[in-house]
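In case you want the letters, here they are:
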Amino acid sequence: MSTSPLSNARAARLAVAERLDALRRGAGISGLELAELCGWHKSKSSRIANGRTVPSDADVRARCAACGAEDQAADIIAASRTAESMYAQWTDIHRDGMRHVHRRTVPLYQRTRGFRVYASTVVPGMVQTGPYAAGLLGSIAAFQGTPNDVEQAVAARLSRSRVLTEGDHRFALVLEEAALYHAVADDEAMVGQLRHLLAVMARPNVSLGVIPFRRRRTVWPLEAFYAFDESLVAVETLTAEINITAPGEIRTYLRAFSELAKLAVHGDGARALVTTAVNAVG
């Protein structure tokens, strides 16, 4: 991909900053005068203008009022919120624990008809078992240094995953074979997870493919991403979740998913790889 989602998120933030600074220039006032009108230290005004500080809703309203452009505040606030939702650090998302993000995304899961998920390192969340999820989420909380609410987070994740068996939802899942072996939980939990995958594969609304270790690559391994219909792609990096809504970028991810799915084996071939992993772990 020619442009990274992170760079686009930063570009969106800078676009908001430029709109705010254009109001200042249009009003014919200096940065120092603007700071005085808003009751801010001059450094705060400069940081917002340069895109280094994300303005709060109140900040946007204050700047617009100082520039005589109150009528533009609502639009700029909406643009700022959109820019911020594109890139969210995990430590911020999980500041009060992990259960909240699972509960908050339930409506998204419920309204999505078609899920396309590429998982390069771990089993996708909607097909995780409780013990597997507990091992994974426990390690995430420990690494991030965020509150350990693993028990509640696992319950919330499993509740959100009811879309697998309830409603009219379709799931196309592509896993790297490595995801079957990464020991994010103890052996008993890993075996249980892999056997659950075998059961999930039998569902008529689920297509599950596995890309073998030795498959000749036409698309290199990517970070995990979740596509929700054609409206949103969520990319999971080490430090953040990047939410992509730009149609062109979404099309690129869906094209990548299509190519990755071609590399995967499905049906009996996928079951054979999962069964081999069960035997290796067990």
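Everything that follows concerns the structure shown earlier in this document.
Notes on the structure in this doc start here.

Here is what the cut-offs are and how they apply
Residues numbered from 1 in each chain as written. Predicted model: local features only at pLDDT ≥ 70, side-chain atom pairs only at ≥ 80, totals over all residues. Heavy atoms only, no water. Buried < 20%, exposed > 50% of the residue type's maximum accessible area, 1.4 Å probe, protein only. Helix = DSSP H or I, 4+ residues; strand = E, 2+ residues; numbered from the N terminus. Pairing = 2+ DSSP bridges. Right-handed = clockwise from strand over helix to strand, strands pointing away. Salt bridge = Lys/Arg side-chain N within 4 Å of Asp/Glu carboxyl O. Contact = heavy atoms within 4.5 Å. Polar contact = N/O pair within 3.5 Å; in protein donor to acceptor, adjacent residues only side chain to side chain. Disulfide = S-S within 2.5 Å. Phe/Tyr/Trp six-rings, centres within 6.5 Å; stacked < 30°, edge-to-face > 60°.

Buried residues dominate strand β4 (residues 206–211), accounting for 5 of its 6 residues. Here 6 bridges tie strand β3 (residues 170–176) to β4, and the two strands are oriented parallel to one another. Counterpart to Phe171 in the pairing with β4 is Val206. Handedness of the crossover is the feature at issue here: the chain leaves β3, passes through helix α11 (residues 187–201), returns alongside β4, and the resulting connection is right-handed.

Here we take up the pattern of salt bridges. Considering all chains together, one arrives at 11 salt bridges under this definition. Residue Asp59 pairs with Lys44 through a salt bridge whose shortest N-O separation is 3.0 Å. Here Lys44 lies in helix α3 (residues 42–49) and Asp59 lies in helix α4 (residues 57–66), a separation of 15 residues in the sequence. With its nearest N and O atoms 2.7 Å apart, the salt bridge here joins Arg271 to Asp268. Of this pair, Arg271 and Asp268 both sit in helix α13 (residues 268–281), 3 residues apart, which is roughly one turn of that helix.

Bringing the pairing of β3 into the picture now. Most of β3 sits inside the fold, with 5 of its 7 residues counted as buried. One ladder, built from 6 bridges, connects strand β2 (residues 114–119) with β3; its direction is parallel. By the bridge assignment, Arg116 is partnered in β3 with Ala172.

Attention now moves to the environment of Pro55. Following the sequence through the fold, Pro55 ends up in the loop between α3 and α4. If we skip the residues at most four places from it in the chain, Pro55 touches Leu20, Ile48, Val60 and Ser80.

It is worth spelling out the side chain of His102 at this point. Examined against the element boundaries, His102 turns out to sit in helix α7 (residues 99–104). Within the structure, His102 has its side chain in polar contact with the side chain of Arg157 (distance 2.9 Å). When residues no more than four places from it in sequence are discounted, the contact partners of His102 are Leu137, Ala153, Ala156, Arg157 and Arg160.

Of note, the phi angle at Asp229 is positive, near 50 degrees, even though the residue is not glycine. With respect to the element layout, Asp229 can be found in the loop between β5 (225–228) and β6 (232–236).

With respect to the helices, strands and loops of the structure, Gly209 is situated in strand β4. With 18 residues separating them along the chain, Gly209 and Ala227 place their C-alpha atoms 16 Å apart. Apart from residues no more than four positions distant in its own chain, Gly209 is found in contact with Leu173, Val174, Leu175, Ala264, Val265 and His266.

With that settled, consider the state of the cysteines. The full count for this structure, using the stated rule, is 0 disulfides. Cys67 supplies the cysteine sulfur nearest to Cys38, a cysteine that is in no disulfide, at a spacing of 7.2 Å. Cys64 carries a free sulfur, and the closest cysteine sulfur to it, the one in Cys67, is 7.1 Å from it.

Another point: the packing of aromatic side chains. Under the definition given, this model contains 7 aromatic pairs. Where Phe115 meets Phe228, the ring centres are 5.8 Å apart and the plane angle is 70 degrees; that geometry is what we call edge-to-face. With Phe115 in strand β2 and Phe228 in strand β5, this residue pair connects regions lying 113 residues apart in the sequence. As far as burial versus exposure is concerned, Phe115 and Phe228 are alike and both buried.

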